[in-house]
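The residues making up each chain are set out below.
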Amino acid sequence: MKDLFNYQRRKSNVVHVGNIDIGGDNPVRIQSMTTTDTNDTEACIEQAERIIQAGGELVRLTTQGRREAENLKNIHDGLHAKGYDTPLVADVHFNANVADVAAQHTEKVRINPGNYVDPARKFIQLEYTDEEYARELKKIEDRFVPFLNICKANHTAIRIGVNHGSLSDRIRNRYGDTPEGIVESCMEFLRICKKQQFDNVVISIKASNTVVMVQSVRLLVDTMDKEDMHYPLHLGVTEAGEGEDGRIKSAVGIGALLADGIGDTIRVSLSEEPECEIPVAKHLVDYVAKRAGHLMIPAEPNKHFNYLRPQRRKTRAIGNIGGSNVPIVITSNEGCKADYIYVGNQVPKYAEDRKYIVDYSEYHGEKHTYPIFPAMAMPFIGSMKSDIKFLVLQFGTPTEEYVACLKAHPEIVVVCMSNHQNRVGDQRALVHEMMNNGVYNPVVFAQMYRHDEKSDFQLDASADMGALMIDGLTDGIWLMNDGKLSDSVLEDTAFNILQAGRLRMSKTEYISCPGCGRTLYDLQQTIAHIKDATKEMKGLKIGIMGCIVNGPGEMADADYGYVGAGPGKVSLYRKQTCVEKNIPTEEAVEHLLKLIHEDQKTAKSAAEPTASLLT
């Protein structure tokens, strides 16, 4: 099993992309993508220059057709004339012939297995016999090998970039909409690369759902290892959105993988100007890299834990904590929406709708008040009566002592803290030790930081919680900060992290792409309009997609979709079903709101007779 507790970079091959190398012992490379029309040479050069000046080490451009592919040479020459030798990456969908042309003008070409040879998705049910399926694979090989030969001749690297939202009907029908299907979509192409002895390959698997993204990449690494493949990995959460939500979601997914040493280049996909992505990516890479060379964590993984397909850890419910309850949030914010408020040694003013955590030395059995104990106070736990008690533990606390205490007191919720250089590994270690000793008490992860900048705090906390949530270990979050940030920032961040990890929905989620030269309307303005109009709606997922590359596919993870269908035209989706086509962009947002309100009205009227029967 992978070492869950000690940080070490995954060993990968080195891939040459122009004047930089990716993988091996090289730094994690940072990149972004232009949003300009690839036929507009000057606009692309200007935007690429901004990306490079912000620290981008590769620049990707959308390449819809042959004309765009050929214009990459002009963009390339223009950047060279300005003194830039940053590698360019062509992004190709739907047209394999375009990839052949692009390979002659850029240092790297990204192709999408879901639409390289397979026809456009129609989300239809098709049954393939093994012979028919084998013929489809042969068709891919016959088309893919000539492209590899062009890349060999031009010393061009490739990225095999699988998107959850653009899996082919063939893959979906054989494997379902699963991590296994996502991985197989990639492996079909990698096996051809290996057979052709073409090693200049980088791989990415992306999804807007952080859990799907992380589990798929973990499974891909395991599958590649079994087939003796060690290609470098490009990480990203696609359609992450913008603002704080986009940053937190990206940090949860990317951070979970970086924490396990996975990742050789990253792109943070934000629905903003592309240069805004670079500082976020750099911060994540630098933050996780600080774990290198840490003191060893001598822990044993639980033999029943499945790293590739994790399930939520089995716990005993204590009040609203653990069991099948959604993870809780603890804060020190009095006027809050958190589940529990920590008040230290201050006896709180009683409020019917509040639950308080108080230091054990000041606990006197007040209603809705629960004591918290440091590890050294374990002997006092039995002397206090309370339905819920909190015990702060760190890995390294004498095992026999705390295990005996937890087994004797099933009412204890563990608050897991760490001051280790690799806090993710250290906190994992405590929970695995609990599992190895048959302890079923819930665990709340408490994370302490020292930040004055909100964005730094949010990125660090999200990156630290990513793996812990996706591993299924999280029954709650308690974020603390010794700095200038308000308690409300800490509380909001905790809820947003849980939502990004798909553990607790507390507001509407917007699955929005970062935009590119294919985008068919003003993406940033539209996102702002939709968010403002739907901000009071809770629990919905709305996809806002610039074009059809991932649009319909990503609607599987959204309740509603707003997808560019053509210049000035938008189509609306309910899940993956298109319900209205080619609406003028100036009318489309109002049509989306009308669709949502009508569905809510229908759902409400359908529920009313059921409610009356139960009364």
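Residues numbered from 1 in each chain as written. Predicted model: local features only at pLDDT ≥ 70, side-chain atom pairs only at ≥ 80, totals over all residues. Heavy atoms only, no water.

**Observations concerning the overall build of the protein chain**
- What the protein chain contains, in helices and strands, is 16 helices and 23 strands.
- Against the 2.2 N^0.38 benchmark of 25 Å for 615 residues, the protein chain shows a C-alpha radius of gyration of 25 Å, consistent with a compact globule.
- With the principal axes as the frame, the protein chain shows a C-alpha extent of 75 × 60 × 55 Å.
- Buried positions account for 60% of the 615 residues belonging to the protein chain. (Helix = DSSP H or I, 4+ residues; strand = E, 2+ residues; numbered from the N terminus. Rg over C-alpha atoms; globule rule 2.2 N^0.38 Å. Buried < 20%, exposed > 50% of the residue type's maximum accessible area, 1.4 Å probe, protein only.)

**Things to note about the sheet that holds strand S19 (residues 509-512)**
- Read from one edge of the open sheet, 5 strands run S19-S20-S21-S22-S23, paired in mixed fashion. Each edge of the open sheet carries a strand with a single partner, namely S19 and strand S23 (577-584). Put simply, the sheet's adjacent strands are angled 20 degrees from each other on average, direction ignored.
- Against the sheet, helix H14 (residues 523-534) makes contact with S19, strand S20 (541-545) and strand S21 (560-566), and its axis sits at roughly 160 degrees relative to S20, the strand it touches most. (Pairing = 2+ DSSP bridges. Axes fitted to C-alpha atoms, helices over the stretch in contact; angles between N-to-C directions. Contact = heavy atoms within 4.5 Å.)

**Considering helix H11 (residues 423-436)**
- Here H11 contains 14 residues, and its C-alpha end-to-end distance of 20 Å stays within 8% of the 20 Å for a straight helix at 1.5 Å per residue.
- Within H11, 12 of the 14 residues are buried, leaving the element largely enclosed by the surrounding structure.
- Those residues of H11 that fall on the buried side of the exposure criterion are Arg 423, Val 424, Gly 425, Asp 426, Gln 427, Arg 428, Ala 429, Leu 430, Val 431, His 432, Glu 433 and Met 434.
- Just downstream of H11, Gly 438 is the residue with a positive phi angle, here 65 degrees. (Expected span 1.5 Å × (residues − 1).)

**Topic: the sheet that holds strand S3 (residues 29-33)**
- Strand order around the closed barrel formed by 8 strands is S3-S4-S5-S6-S7-S8-S9-S10, with parallel pairing between neighbours.
- Its contacts with the sheet put helix H6 (residues 179-195) on strand S6 (108-111), strand S7 (157-163) and strand S8 (201-206), and the angle it makes with S7 is roughly 160 degrees.

**Concerning the domain arrangement of the protein chain**
- Entries for the protein chain in the domain assignment read domain 1 (15-290), domain 2 (328-501) and domain 3 (509-607).
- Computed over C-alpha atoms, the centres of domain 2 and domain 3 are 38 Å apart. (Domains from an automatic or database assignment.)

**Focus: the pairing of strand S5 (residues 88-92)**
- Most of S5 is tucked away, with 5 of its 5 residues classed as buried.
- Neither face of S5 is left uncovered, since the one carrying Leu 88, Ala 90 and Val 92 and the one carrying Val 89 and Asp 91 both have all their residues buried.
- In this sheet, S5 lies alongside strand S4 (residues 58-62) in parallel orientation, the contact comprising 4 bridges. When the bridges of S5 are listed, Val 59 appears paired with Leu 88.
- The handedness of the S4 to S5 crossover, carried by helix H2 (residues 66-81), is right-handed.
- Strand direction decides the pairing type here: S5 and S6, joined by 4 bridges, are parallel. Opposite Val 92, over in S6, you have Ile 111 as the bridge partner.
- One crossover worth recording links S5 to the parallel S6 by way of helix H3 (residues 96-102), and it is right-handed. (Right-handed = clockwise from strand over helix to strand, strands pointing away.)

**Some details on the environment of Met 448**
- Note that Met 448 resides in strand S17 (residues 443-449).
- Spatially, the C-alpha atom of Met 448 lies 4.7 Å from that of Met 480, the residues being 32 residues apart in sequence.
- Once residues within four sequence positions are removed from consideration, Met 448 is found in contact with Arg 423, Met 480, Asn 481 and Asp 482.

**A look at helix H12 (residues 454-470)**
- Taking 1.5 Å as the rise per residue, H12 with 17 residues should run 24 Å; its terminal C-alpha atoms sit 24 Å apart, in good agreement.
- Where H12 bends most, the angle comes to about 25 degrees, and this point is Asp 464.
- Of all 17 residues making up H12, 14 are buried, and the element is well covered by its neighbours.
- Looking one or two residues beyond H12, the residue adopting positive phi is Gly 472, at roughly 80 degrees. (Bend = angle between axes of the 7 residues up to and from the residue.)

**A closer look at the nonpolar core**
- Residues Phe 144, Phe 147, Ile 158 and Leu 190 are the most contacted members of the largest nonpolar core, which totals 144 residues.
- With 9 residues, the top contributor of residues to this core is H12.
- Counting the residues that make up this core, at least three belong to each of domain 1 (15-290) and domain 2 (328-501).
- Ignoring sequence-local partners within four residues, the contact set of Leu 190 consists of Ile 160, Val 201, Ile 203, Met 224, Met 229 and Tyr 231.
- One finds Tyr 573, Ala 588, Leu 593 and Leu 595 within the second-largest nonpolar core, a separate group that totals 24 residues. (Core = buried A, V, L, I, M, F, W, Y, C linked by side-chain atoms within 4.5 Å.)

**So, the pattern of salt bridges**
- Tallied over the full model, the rule gives 41 salt bridges.
- Glu 244 is the partner of Lys 454 in a salt bridge, and the nearest nitrogen-oxygen pair spans 2.6 Å. Within this pair, whereas Lys 454 is found in helix H12, its partner Glu 244 is found in helix H8 (residues 243-258), the two being separated by 210 residues in sequence.
- Note on Glu 244: relative accessible area 32%, which makes it partly exposed.
- The network of salt bridges with common partners includes Glu 46, Arg 50, Glu 273 and Glu 275. (Salt bridge = Lys/Arg side-chain N within 4 Å of Asp/Glu carboxyl O.)

**Considering the packing of aromatic side chains**
- Summed over all chains, the structure comprises 12 aromatic pairs.
- Taking the centre distance of 5.8 Å and the plane angle of 85 degrees together, the rings of Tyr 116 and Phe 144 count as edge-to-face. Taken together, the residues Tyr 116 in the loop between S6 and helix H4 (130-154) and Phe 144 in helix H4 connect sequence positions 28 residues apart. For the pair Tyr 116 and Phe 144, a shared accessibility class is recorded, and that class is buried.
- Here the aromatic rings of Phe 144 and Phe 189 are separated by 5.0 Å at their centres, their planes lie at 70 degrees, and the arrangement is edge-to-face. Taken together, the residues Phe 144 in helix H4 and Phe 189 in helix H6 connect sequence positions 45 residues apart. When sorted by exposure, Phe 144 lands in the same class as Phe 189, which is buried.
- Aromatic ring contacts, followed pair by pair, group Tyr 116, Phe 144, Phe 147 and Phe 189 into a single cluster.
- Lying across the ring of Tyr 133, Arg 174 places its NZ or CZ 4.1 Å from the centre.
- Over the aromatic face of Phe 495 sits the side chain of Lys 337, whose NZ or CZ is 4.9 Å from the ring centroid. (Phe/Tyr/Trp six-rings, centres within 6.5 Å; stacked < 30°, edge-to-face > 60°. Lys NZ or Arg CZ within 6 Å of the ring centre and 35° of its normal.)

**Considering unusual backbone geometry**
- Of note, Phe 94 is a non-glycine position whose phi angle comes to about 75 degrees, a positive value.
- By secondary structure assignment, the location of Phe 94 is in the loop between S5 and H3.
- The exposure class of Phe 94 is partly exposed, given its relative accessible area of 36%.
- A positive phi angle, near 55 degrees, is found at His 155, a position not held by glycine.
- Relative to the elements of secondary structure, His 155 occurs in the loop between H4 and S7.
- Its relative accessible area of 65% is what places His 155 among the exposed residues.

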